[in-house]
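# Fold and contact review
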Amino acid sequence: MNKSAIRKKLINLRKKNYIANISLNPNKLFKLIEKQNLSSKVIGCYYPFNYELDILNILEALDNENYILSLPKILKNNEMNFFQWSKSDPLKINSYGIPEPISNKKIDPDILLIPLVGFDSQFNRLGYGGGYYDRYLSKVKLDKKIFKIGVGFSFQGVKNLPINKFDQKLDCIITEKKIIL
């Protein structure tokens, strides 16, 4: 099966099996972050939409613990950057229907929470197919190492994803059931 077919199947599965009341345990995430021994507390997040695993409780917990949060913003040249955001800051809806920060304070995170359409045991990620995260990570990894955490439901795991040279591997995956390192 090609990426497009897998993507369509998993998005339908996610919509069908979405559980609104499922959320991640912030304490497990904090322990995982602490193990990375980072001096910075800058975290790139996502604002959930389209039946993605809801991490609003995580965003609030991180904000309450004085982490510097950032959310992605899609730019005109098919690029993506992260901009500082706090839970009290307004958001605007982009042309894809995704909430984005209004802030223009660009910031490169040290830890990135990345939404998943699918994943496999080799830490490959399937997204929506636009390549935004892959391009962003390729660009930023020249300057710094980012700890990449894929976030999704356990049922989004597949045996093997087809990959290409542009795909960026994750460092770990968090689902509602477990952390995969």
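Residues numbered from 1 in each chain as written. Predicted model: local features only at pLDDT ≥ 70, side-chain atom pairs only at ≥ 80, totals over all residues. Heavy atoms only, no water.

Looking now at unusual backbone geometry. Notably, Tyr51 is not glycine yet its phi reads approximately 65°, a positive angle. Along the chain, Tyr51 falls in the loop between β1 (42–44) and α3 (56–64). A residue is classified by how much of its surface remains accessible, and Tyr51, at 35% relative accessible area, is partly exposed. A positive phi angle is found at Asn66, which is not glycine, with a value near 65°. (Helix = DSSP H or I, 4+ residues; strand = E, 2+ residues; numbered from the N terminus. Buried < 20%, exposed > 50% of the residue type's maximum accessible area, 1.4 Å probe, protein only.)

The subject of this paragraph is the pattern of salt bridges. For the structure on display, the rule yields six salt bridges. Lys148 serves as the salt-bridge partner of Asp171, at 3.3 Å between the closest nitrogen and oxygen. With Asp171 in the loop between β9 (147–151) and β10 (172–174) and Lys148 in strand β9, the pair connects residues that are 23 residues apart, well separated along the chain. Using a relative accessible area of 25% as the deciding quantity, one classes Asp171 as partly exposed. (Salt bridge = Lys/Arg side-chain N within 4 Å of Asp/Glu carboxyl O.)

All right, on to the packing of aromatic side chains then. This structure, assessed with the given rule, holds seven aromatic pairs. Summarising the aromatic geometry, the rings of Tyr96 and Tyr132 are spaced 6.1 Å apart at their centres and angled 70° between planes, so their arrangement reads as edge-to-face. Taken together, the residues Tyr96 in the loop between β4 (91–93) and β5 (99–101) and Tyr132 in helix α4 (residues 132–140) connect sequence positions 36 residues apart. With relative accessibility at 47%, the residue Tyr96 sits in the partly exposed group. Assessed through its relative accessible area of 14%, Tyr132 is described here as buried. Ring centres of Phe153 and Phe155 lie 5.2 Å apart, and the angle between their planes is 5°; this geometry places the pair in the stacked category. Connected via pairs of aromatic rings, a cluster forms that spans Phe82, Tyr133 and Tyr136. Seen from the ring of Tyr132, Arg135 lies directly overhead, with NZ or CZ sitting 5.0 Å from the centre. (Phe/Tyr/Trp six-rings, centres within 6.5 Å; stacked < 30°, edge-to-face > 60°. Lys NZ or Arg CZ within 6 Å of the ring centre and 35° of its normal.)

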